[in-house]
Amino acid sequence: MAGRINDDDVKAVRDAVPIDAVVSEYLQLRNAGGGNLKGLCPFHDEKSPSFQVSPSKGLFHCFGCQEGGDTIAFVMKIDHLSFSETVERLAAKAGITLRYEEGGYNPGHQRGERIRLVEAHKVAAQFYIDQLDSPEAETGRKFLAERGFDQAAAAHFGVGYSPAGWDHLTRYLRGKGFSDKELILSGLSQDGRRGPIDRFRGRLMWPIKDVGGEIVGFGARKLRDDDNGPKYLNTPETPIYKKSQVLYGIDLAKKDIAKVSRAVVVEGYTDVMACHLAGVTTAIATCGTAFGGDHIKILRRLLMDNGSARVIFTFDGDAAGQKAALRAFEDDQKFAAETYIAIAPDGMDPCDLRLAKGDAAVAELAEPRTPLFEFALRQIVKRYDLETPAGRAGALDEAAPVVARIKNIGAQHEVAVQLAGMLGILDTQFVVKRVAQLARWARDRGGKGPAQQQTPQRGYDRAGPSPAAVPSGPALNLRSPAHRTERELLKLALQRPELVSPAFDAYGVDEFTAPPYAAVRQCVQDAGGATGAPSDYLDTVREAAPNDTVRALVTELAVETIFAKNVDEAYAGDQLVTVRLRAVDRRIRDVQGTLARLGAQGDPEQLAAVQNELWVLTQYGQSLRNNGAAAL
């Protein structure tokens, strides 16, 4: 059994490997004065840098979480290594041969588990690289060439080829002294009927490295038609490979990401290659998983959360790409950096774009243009018909909670104003207030944000009651001043139908803005209307209700006292006019919003039709104000 590492060798390792050089492999360091450096602590989340490094003393300390120590302590903590594993790793970096006080030189198979697994991957990577030159790998070389990658590009990214046989790599690694247990644990081999066999066979191989530059896994691309596996096969979860904590290309991109405070997130290995070869050397990609919180932590340490930091997501223009972009937006608020999305013309990915239009087109794609929040909102808004009040209301109900999640109040207000413009709602303050209301509501609920999509109020969906309705905001107050007139008109229609008919029967369901009242209005219509109401009129209306909830409201309105000393035609006329006038004013705002969306570049015929409708509505509204019920 190997003994303790010689103390003089440990000291030699500490002296040989500068702490700032090691730490800067994981996070961006800046001048903190007095010869010290500072950065965002990798051991806890923070918005301002409290992590300091003293190169002269060879020490680090975080004033936020109190972690501290020397180079060895840092590597032990960040990579979860034992003391001996860390010293061995740093010694290899410095070219120092270690001595062990008991047993002399430490044989490879007795070294730390992580070190052994990393070494196995390093040996495997070189094996795959060598195999790329074999006759069998012709399909792999052709695949690369067809995508614009020559031999130099393959070498730069360490691309290789795994032979199609069952155990070529397994036998090779055994010959290098690795045990079957280590091969299975590493994910390079898997159990077969007669022992370990290669996990990757007949595929192009991309080495996946951690921030420190060590190979911890592989991504493998299918080449043969008789390969029944997935298009891309990645290393499984192992002690050194966690797919949610690795970013392909981070080892090549980290210095430039820190230097220019910009990162470009693409979807695949070939996209990273295309970007780097086109000069976009800040490109990275996830490895078989969605971009998430752990990936953000890696980038934040490199970006330093300064005000100019940018993260640009490039996704395919198809449905899957848009879905990925919306998933990325879910974590947007975890960034201090501004986030953007870039979608290439015709939905091409960076690799295809480079082939079709050259390096300049890829570089142009990576320039920030559309903020990610704007893209997410437009994806929501485009699902609705903004020419209808119901469509705009639905879009606002779904989009407003998204805006309410923005933590910065100033940014939240600005985005709310932009949302109003997207929807064509001229009353921007209405949208701003709705967003602020939802934000306050979320804070009052302990920080839990509102659901993103409006769920119909319980029981008022025409399809029937909603058994699991979840409110997406403050409950609707049916007795608020905004709804009081609608309530009064419905009470009149149920209790004194002769006073409001036949005018009431010409009112549309959409003239009642509260969903419960719209449901009652529909019941009256389904029962045959208020004109010439028969003796069993109320019973017929109640029977027309789609469920018990609406039926109970019909009963409530039928027995509730009407708020008037004199319930006569004049009072009924006032309620009719008020409800209709509000509907006309809403429609005028809708049409004005349409004009705003069409702008000066709109179709002349469409513009003329909209302007004519606006004129008619304005005249009708003025007539209602001047003549009252006589204008109905």
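Residues numbered from 1 in each chain as written. Predicted model: local features only at pLDDT ≥ 70, side-chain atom pairs only at ≥ 80, totals over all residues. Heavy atoms only, no water.

Caption draft 1: Inspection of the overall build of the protein at higher detail. When its secondary structure is counted, the protein shows 26 helices and 16 strands. The buried share of the protein, taken over its 632 residues, is 49%. For the protein, the exposed area adds up to about 29,600 Å²; of that, 50% sits on carbon and sulfur atoms. (Helix = DSSP H or I, 4+ residues; strand = E, 2+ residues; numbered from the N terminus. Buried < 20%, exposed > 50% of the residue type's maximum accessible area, 1.4 Å probe, protein only. Areas by Shrake-Rupley, 256 points an atom, 1.4 Å probe, with all protein chains shown as cover.)

Caption draft 2: Looking closely at the nonpolar core. If you look at the biggest cluster of nonpolar residues, it comprises 77 residues, and the most contacted ones within it are Phe51, Phe74, Ile250, Ile257, Leu299 and Phe313. Those residues in contact with phenylalanine 74, other than ones at most four positions away along the chain, are Val22, Val23, Tyr26, Leu27, Pro42, Phe43, Phe51 and Phe60. One finds Leu132, Ile208, Val362 and Leu365 within the second-largest nonpolar core, a separate group that totals 43 residues. (Core = buried A, V, L, I, M, F, W, Y, C linked by side-chain atoms within 4.5 Å. Contact = heavy atoms within 4.5 Å.)

Caption draft 3: Spotlight on the packing of aromatic side chains. What the rule picks out here adds up to 16 aromatic pairs. Ring centres 6.2 Å apart and planes at 65 degrees place the aromatic pair phenylalanine 504 and phenylalanine 512 in the edge-to-face group. Note on accessibility: phenylalanine 504 and phenylalanine 512 belong to one class, buried. Between the NZ or CZ atom of arginine 147 and the centre of the ring of phenylalanine 143, over which it lies, the distance is 3.6 Å. Sitting over the face of the ring of phenylalanine 563, lysine 491 holds its NZ or CZ atom 4.2 Å from the ring centroid. (Phe/Tyr/Trp six-rings, centres within 6.5 Å; stacked < 30°, edge-to-face > 60°. Lys NZ or Arg CZ within 6 Å of the ring centre and 35° of its normal.)

Caption draft 4: Broad picture of the confidence of the model for the protein. Across the protein, the average pLDDT comes to 84, with 88% of residues at or above 70. Contacts from residues 448–458, a stretch scored under 50 in pLDDT, to residues over four places away or in other chains number 32 contacts. Within the model, the stretch residues 462–475 combines pLDDT values under 50 with 31 contacts to residues more than four positions away or in other chains. (pLDDT = per-residue confidence, 0-100.)

Caption draft 5: Region of interest: the pattern of salt bridges. A complete count under the given rule lists 32 salt bridges for this structure. Across the pair arginine 487 and glutamate 556 runs a salt bridge, and its minimum N-O distance is 2.5 Å. Taken as a pair, arginine 487 in helix H20 (residues 481–495) and glutamate 556 in helix H24 (residues 548–559) lie far apart in primary sequence, 69 residues in all. On the accessibility criterion, arginine 487 (4% relative accessible area) is buried. Measuring nitrogen to oxygen at the nearest pair gives 2.6 Å for the salt bridge that ties glutamate 498 to arginine 496. Residue arginine 496 is classed as partly exposed on the basis of its relative accessible area of 31%. A single salt-bridge network, built from bridges that share partners, covers Arg487, Glu488, Lys491, Glu556 and Glu560. (Salt bridge = Lys/Arg side-chain N within 4 Å of Asp/Glu carboxyl O.)

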